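Reading the structure
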Amino acid sequence: MMKKRTFLLAGAAATLPLRALANTEPVIKVLKTPTCGCCTAWVDHVRQAGFTVEAQDVDQDALYAFKDRLQIAPELAGCHTAIIGDYFIEGHVPAADITRLLAEQPVARGLTVPGMPMSSPGMGGPGAGDAFDTLLVGSDGATSVFASHS
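This is a predicted model, so every value here is computed, not measured. (Residues numbered from 1 in each chain as written. Predicted model: local features only at pLDDT ≥ 70, side-chain atom pairs only at ≥ 80, totals over all residues. Heavy atoms only, no water.)

1. Overview of the overall build of the protein
Rules: Working definition: helices are DSSP H or I runs of at least four residues, strands are E runs of at least two. Numbering for both runs from the N terminus. Should any heavy atoms of two residues lie within 4.5 Å, those residues are considered in contact. What sets the accessible areas is the Shrake-Rupley method with a 1.4 Å probe; for residues, cover comes only from the shown protein chains.
Looking only at helices and strands, the protein has 4 helices and 7 strands in total. The N-to-C order of helical and strand elements in the protein reads α-β-α-β-α-β-β-α-β-β-β. Considering only contacts within the protein whose residues lie at least 6 apart along the sequence, 55% involve residues at least 24 apart. When the accessible surface of the protein is split by element, carbon and sulfur atoms take 55% of a total near 7700 Å².

2. Concerning the side chain of Ser119
Applicable threshold: With a 1.4 Å probe rolled over the protein chains alone, any residue whose accessible area is under 20% of its type maximum counts as buried; one over 50% counts as exposed, and the rest are partly exposed. Under this definition, polar contacts are N or O atom pairs within 3.5 Å; protein pairs additionally need one hydrogen-donor-capable and one acceptor-capable atom, and for neighbouring residues in sequence, both atoms have to be side-chain atoms.
In this fold, Ser119 is placed in the loop between strand E5 (108–113) and strand E6 (132–138). Judged by relative accessible area, Ser119 falls into the buried class, the value being 5%. A distance of 2.4 Å separates a polar atom in the side chain of Ser119 from the backbone oxygen of Asp130. Ignoring anything within four residues of it in the chain, the contact list for Ser119 reads Gly125, Pro126, Gly127, Ala128, Gly129, Asp130, Ala131 and Phe132.

3. Brief notes about helix H4 (residues 95–104)
Ala95, Asp97, Ile98, Thr99, Leu101 and Leu102 are the residues of H4 that are buried. Immediately beyond the C-terminal end of H4, within one or two residues, lies Gln105, with a positive phi of roughly 50°.

4. Focus on the environment of Thr40
Within the secondary structure layout, Thr40 lies in helix H2 (residues 37–48). Judged by its relative accessible area of 33%, Thr40 is partly exposed. Through-space distance from the C-alpha of Thr40 to that of Gly122 is 7.4 Å; in sequence the pair is 82 residues apart. A polar contact is formed between the side chain of Thr40 and the side chain of Lys32, at a distance of 3.4 Å.

5. Some details on the pattern of salt bridges
We apply this condition: A pairing counts as a salt bridge when a side-chain nitrogen of Lys or Arg comes within 4 Å of a carboxyl oxygen of Asp or Glu.
All chains considered together, the criterion is met by 3 salt bridges. Residue Lys32 pairs with Asp57 through a salt bridge whose shortest N-O separation is 2.8 Å. Linking Lys32 in strand E1 (residues 28–32) with Asp57 in strand E2 (residues 53–57), this pair joins segments that are 25 residues apart in sequence. Exposure remark for Lys32: the relative accessible area of 6% places this residue in the buried category. Residue classification places Asp57 among the partly exposed residues on the basis of a relative accessible area of 43%. One salt bridge in this structure joins Lys67 and Glu90, with 2.4 Å as the shortest N-O distance. Linking Lys67 in helix H3 (residues 60–69) with Glu90 in strand E4 (residues 87–91), this pair joins segments that are 23 residues apart in sequence. Of the two residues, Lys67 and Glu90, both sit in the buried class.

Structure (structure tokens):
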């Protein structure tokens, strides 16, 4: 059983819609390659959801080195890597899952959508391909399904 971090919304923040809550969260810092169109589309997706994003273009070697520093296993990798607060966000994770992660604050390393599912944000969106799961990567590296998307 995962321990949860305490995160309480008080006052006006407790009544804000999820989009407004995203505006109060830390900046999402994204590393991506300059020629990756789906990475740029994902950045647009999280910005449209209300997050502030700082995207940095790096070469593939620097991106792989960053994934290695975060201990993201190759089988969990996507095409871009982001950090928000104490968490990594790997690949085409939906903005709603990031909002939920920040609200629930589980003890974990981050979220990942391995590979590049066609129906994920930035790739084509709902209905463009197969269902996919967002995985929660625990502090021990073990994964569990955080959200399923069809």
